[in-house]
Structure formats: structure tokens, C-alpha cells
Amino acid sequence: TDNGWPRVRASAEYHDAIHFGDELELRLWVRAIKVKAVEYEIKCYVLGGDKPRHAATGKMTTVYVSKPSSGGPMKSLALPPAILDKLASLADEVLR
């Protein structure tokens, strides 16, 4: 059995164009830590002008799971205390 973090929700909202070759800056926030999941927000900025231009916002939710080596279905698990402790200082909200 292995543990993993599959993405169960992902979305993106585009505010401005991004072109091939643009230099980008991505900023990642941990928005919420739940009993079995972590919610993130990513903001994408295009660099190269007077100031970074906010071009996109993404959101993603991952769930902590066990993956049976036999290939059966994944099972969601409560986040271990060691992971909670490391992420809690980065999160806007912790729901235990």
C-alpha cells in the first residue's frame, strides 16, 4: 500500500492573455486544511513590464489517500499529525 495526493478538483480563471515565451511567476497559497484534504490557490503573473500582470488564478484540492498495491480503489485517510503540523503554519484556515 502506498499513500498519495490525487487532485479531486481543479479550476482556472483567466484574467489576461499568456503567450508562449512569457516569463511567469506563480504564487501558491495553502487556503484550507481539512481532515482529509488540502485546498490550494495559485496566482499566475506575467513578468516583463513595469509590474507583474495578474493573468490567471487557479484552485486545486488534493485528498490524502492510500493506494492498495493490488490495484483496488483508493481510500481517503485523515491527514497524519506530522503533515498537519508542517502545513498548518502556511494555511489560511485549518479545520480538524
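Structure first, text after, so check above.
Residues numbered from 1 in each chain as written. Predicted model: local features only at pLDDT ≥ 70, side-chain atom pairs only at ≥ 80, totals over all residues. Heavy atoms only, no water.

> Please provide a residue-by-residue account of the overall build of the protein chain, values included.
In terms of regular secondary structure, the protein chain is built from one helix and eight strands. The helix and strand sequence of the protein chain, counted from the amino end, reads β-β-β-β-β-β-β-α-β. Scaling as 2.2 N^0.38, a compact globule of 96 residues should have a C-alpha radius of gyration of about 12 Å, whereas the protein chain reaches 17 Å, well beyond that. With respect to the principal axes defined by its C-alpha atoms, the protein chain has extents near 50 × 30 × 15 Å. Buried positions account for 26% of the 96 residues belonging to the protein chain. Looking at the protein chain alone, contacts between residues at least 24 apart form 55% of all its contacts between residues at least 6 apart. For the protein chain, the exposed area adds up to about 6600 Å²; of that, 52% sits on carbon and sulfur atoms. (Helix = DSSP H or I, 4+ residues; strand = E, 2+ residues; numbered from the N terminus. Rg over C-alpha atoms; globule rule 2.2 N^0.38 Å. Buried < 20%, exposed > 50% of the residue type's maximum accessible area, 1.4 Å probe, protein only. Contact = heavy atoms within 4.5 Å. Areas by Shrake-Rupley, 256 points an atom, 1.4 Å probe, with all protein chains shown as cover.)

> Please set out the nonpolar core residue by residue, giving values where relevant.
For soluble globular proteins, nonpolar side chains are generally found buried alongside one another. Listed in full, the nine residues of the largest apolar core are Val 30, Ile 33, Val 38, Tyr 40, Tyr 64, Leu 79, Leu 84, Leu 87 and Ala 91. Mapped onto this core, the elements with two or more residues apiece are strand 3 (24-33), strand 4 (37-46) and helix 1 (81-88). Residues within four places of Val 38 in sequence aside, it is in contact with Trp 5, Val 30, Ala 32, Met 60, Thr 61, Thr 62, Leu 79 and Leu 87. (Core = buried A, V, L, I, M, F, W, Y, C linked by side-chain atoms within 4.5 Å.)

> Explain the packing of aromatic side chains to me, and be specific about the residues and the numbers.
Each pair of aromatic rings is reported with the distance of its centres and the angle of its planes. Within this structure, the stated rule accounts for one aromatic pair. On the numbers, 5.0 Å between centres and 50° between planes, the contact of Trp 5 with Tyr 64 is tilted. Of this pair, Trp 5 sits in the loop between strand 1 (2-4) and strand 2 (7-14) while Tyr 64 sits in the loop between strand 5 (53-63) and strand 6 (65-67), and the two are 59 residues apart along the sequence. The exposure class assigned to Tyr 64 is buried, which follows from its relative accessible area of 9%. In this structure, Arg 27 packs its charged tip against the face of Tyr 45, placed 4.0 Å from the ring centre. (Phe/Tyr/Trp six-rings, centres within 6.5 Å; stacked < 30°, edge-to-face > 60°. Lys NZ or Arg CZ within 6 Å of the ring centre and 35° of its normal.)

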